[in-house]
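# Breakdown of the fold
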Amino acid sequence: MEQREQNPGATDGKFYSLNDMVKAGCGDCEGCSACCRGMGSSIIVNPLDSFLITENLGKTFEELLAGYYELGVENGLILPHLKMREKDDTCIFLTQEGRCSIHGFRPGICRIFPLGRSYGKDGIQYIFLTNGCRKKNRTKVKVQKWIDTPDIRENERFLMNWHFFCTNLQKKTEQGRDAESAKAASMYVLKKFYMESYEGQNDFYSQFQERLNQAQKDLGISSGNLEEI
């Protein structure tokens, strides 16, 4: 069973691997910030995104939640997303010059845009959002180069594990039809994966995996893909 992230536009109907070429090159945006405006609650922050932002800004999750994040319900779970400014509906991290102030450690959704991810039992494939980027005459670039993510294979394993954990938890809470239990599960996830700090000098991925293993036991959900629930 295949699951896709939120799709803000049409795709070209193809699936891309890391080694494929895709017409996503925008020349470093050339000052365009259209994709940083009017995004609502769609820029969901996963545990790695939040770890990188807290580490680089020297702020705790609670401090970010006070001014940079908002909590919203995403597929039945309460998760953080980047805040949009009320006055002009722009990302809270967008500068007056129209540039991203956290570009080097921006969330993964921003990093891969105008690509999206398709999650299947065999791994991640990428999709191209044809209406995503407004720039004309984009150039072809290799998917892995465009994503520009260190330890990309380890990153993809993390993304797969996080995706299926959230989806399995969502399905379990839906089956239970208990609003209080669902809320308690969401609060557990927020505390376990976001509020509890990670040791910066140690590997994030191994710390995340330890927490994931414990969370699966505590919440009683499968460690496999959707078809194993």
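Residues numbered from 1 in each chain as written. Predicted model: local features only at pLDDT ≥ 70, side-chain atom pairs only at ≥ 80, totals over all residues. Heavy atoms only, no water.

Looking now at the overall build of the protein. Looking only at helices and strands, the protein features seven helices and seven strands. Going from the N terminus to the C terminus, the protein shows its helices and strands as β-β-α-α-β-β-α-β-β-β-α-α-α-α. Relative to its length of 229 residues, the protein is compact, with a C-alpha radius of gyration of 18 Å against a globular reference of 17 Å. On the principal axes, the C-alpha backbone points of the protein span a range of 50 × 40 × 35 Å. Per-residue burial over the protein gives 45% buried out of 229 residues. Contacts in the protein between residues at least 24 apart in sequence constitute 70% of all its contacts with a sequence separation of at least 6. Carbon together with sulfur atoms contributes 46% to the accessible area of the protein, which is approximately 12400 Å² in total. The averaged location of the 31 negative side-chain charges in the protein is 6 Å from the averaged location of its 30 positive side-chain charges. (Helix = DSSP H or I, 4+ residues; strand = E, 2+ residues; numbered from the N terminus. Rg over C-alpha atoms; globule rule 2.2 N^0.38 Å. Buried < 20%, exposed > 50% of the residue type's maximum accessible area, 1.4 Å probe, protein only. Contact = heavy atoms within 4.5 Å. Areas by Shrake-Rupley, 256 points an atom, 1.4 Å probe, with all protein chains shown as cover. Lys, Arg positive; Asp, Glu negative; His and termini not counted. Charge placed at Lys NZ, Arg CZ, Asp CG, Glu CD.)

Contact pair helix H6 (residues 179-195) / helix H7 (residues 204-219): the axes reach a minimum separation of 11 Å and the direction vectors enclose 160°. Between H6 and H7, the interaxial angle falls into the category roughly antiparallel. The way H6 lies across H7 gives a crossing that is right-handed. Contact residues: Ala185, Tyr188, Val189, Lys192 and Phe193 in H6; Phe208, Arg211, Leu212, Gln214, Ala215, Asp218 and Leu219 in H7. (Axes fitted to C-alpha atoms, helices over the stretch in contact; angles between N-to-C directions. Parallel < 35°, antiparallel > 145°, perpendicular 65-115°, else oblique. Left-handed = near helix turned anticlockwise from the far one by under 90°.)

The tally for this structure, following the rule as stated, stands at 17 aromatic pairs. Aromatic pair Phe158 and Phe204: ring centres 5.6 Å apart, planes at 75°, arrangement edge-to-face. In this pair, Phe158 sits in helix H5 (residues 152-176) while Phe204 sits in helix H7, placing the two residues 46 residues apart along the sequence. Summarising the burial analysis for this pair, Phe158 and Phe204 share the class buried. Ring centres of Tyr198 and Phe204 lie 4.9 Å apart, and the angle between their planes is 50°; this geometry places the pair in the tilted category. Note on Tyr198: relative accessible area 8%, which makes it buried. (Phe/Tyr/Trp six-rings, centres within 6.5 Å; stacked < 30°, edge-to-face > 60°.)

A residue-level look at the protein finds 90% of positions with pLDDT of 70 or above and a mean pLDDT of 88. When mean pLDDT is compared element by element in the protein, helix H1 (residues 47-57) scores highest at 97, while strand S1 (residues 3-4) scores lowest at 39. Every residue in residues 1-8 is under pLDDT 50, and counting partners more than four places away or in other chains gives 23 contacts. (pLDDT = per-residue confidence, 0-100.)

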